[in-house]
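Chain residues, written in single-letter form:
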Amino acid sequence: MISFTTFILTLLTLFSLSLSAPMRRDVFVPPIMYPHADVVWIAGHHHNVTWETDGAPVNITNGIGRVYLANNSIIDLDHPLATGFNILDGRVTIQVPSVATGRNYSLVLFGDSGNYSPQFTIISL
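A short tour of the structure in this document, coming up.

Definitions and cut-offs
Residues numbered from 1 in each chain as written. Predicted model: local features only at pLDDT ≥ 70, side-chain atom pairs only at ≥ 80, totals over all residues. Heavy atoms only, no water. Helix = DSSP H or I, 4+ residues; strand = E, 2+ residues; numbered from the N terminus. Buried < 20%, exposed > 50% of the residue type's maximum accessible area, 1.4 Å probe, protein only. Contact = heavy atoms within 4.5 Å. Areas by Shrake-Rupley, 256 points an atom, 1.4 Å probe, with all protein chains shown as cover. Pairing = 2+ DSSP bridges. Axes fitted to C-alpha atoms, helices over the stretch in contact; angles between N-to-C directions. Phe/Tyr/Trp six-rings, centres within 6.5 Å; stacked < 30°, edge-to-face > 60°.

1. Some details on the overall build of the chain
When helices and strands are counted, the chain shows one helix and ten strands. Helices (α) and strands (β) of the chain occur, in sequence order from the N terminus, as α-β-β-β-β-β-β-β-β-β-β. A burial count over the chain gives 31% of its 125 residues as buried. In the chain, 65% of the contacts between residues at least 6 apart in sequence involve partners at least 24 apart. Here the chain displays about 7900 Å² of accessible surface, and carbon together with sulfur accounts for 59% of that area.

Following this line, the structure appears as structure tokens:
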């Protein structure tokens with residue numbers, strides 16, 4: 001016959017194993033709503049970057065967001081425009097960096113994925 005102590009230890013072991021089981025996480029790829037293709041930003045100004053949060057999964061792989069500038073789809077990973085925000089906020093304010101005037105800029109939103117905004121224009125002062 002199983003002793004009471006053995007029974008309790010078995011239950012505790014099974015309980016701790018259930019807690020340590022990996023939780024299913026989903027990748028969240030929110031589309032960037034702003035800036036869009038017709039936007040012109042001026043270096044030094046502040047703007048809100050916005051993205052869609054409807055339909056976000058319950059268990060996001062990485063909910064900490066970062067925003068980077070890309071030129072011709074090349075991301076400037078050395079100079080993040082925003083970091084450490086909740087990806088479910090749906091927006092973050094950034095300052096437009098001082099870069100050469102161009103029409104091939106886009107923003108990249110990273111949480112647990114990286115997605116690009118449409119290309120837009122930045123005017124340098």
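2. Structural notes on unusual backbone geometry
Excluding glycine, a negative phi dihedral is what most residues carry, and trans is how most peptide bonds are arranged. With an omega dihedral of 15 degrees, the bond running from Tyr34 to Pro35 counts as a cis peptide bond. Inspection of the secondary structure puts Pro35 in the loop between strand E1 (32-34) and strand E2 (40-42). Backbone geometry at Asn72 places phi at a positive 55 degrees, although glycine is not the residue there. Checked against the element boundaries, Asn72 lands in the loop between strand E4 (64-71) and strand E5 (74-75). Take Asn72: its relative accessible area is 46%, and that puts it in the partly exposed class.

3. Topic: the sheet that holds strand E7 (residues 91-95)
Across the sheet, which stays open at both edges, the three strands sit in the order E1-E3-E7 with antiparallel pairing between neighbours. Every other strand in the sheet has two partners, leaving E1 and E7 as the edge strands with one partner each. Strand-to-strand twist of the sheet, defined as the mean angle between neighbouring strand axes without regard to direction, takes the value 35 degrees.

4. Comments concerning the packing of aromatic side chains
Across all of its chains, the model carries four aromatic pairs by this definition. Ring geometry for Tyr34 versus Trp41: centroids 6.0 Å apart, planes at 50 degrees, classification tilted. What makes Trp41 buried here is its relative accessible area of 1%. Ring centres 5.5 Å apart and planes at 40 degrees place the aromatic pair Trp51 and Phe85 in the tilted group. Here Trp51 is found in strand E3 (residues 46-51), whereas its partner Phe85 is found in strand E6 (residues 82-86), with 34 residues between them in sequence. Taken together through their ring pairs, the aromatic side chains of Tyr34, Trp41 and Phe120 make up a single cluster.

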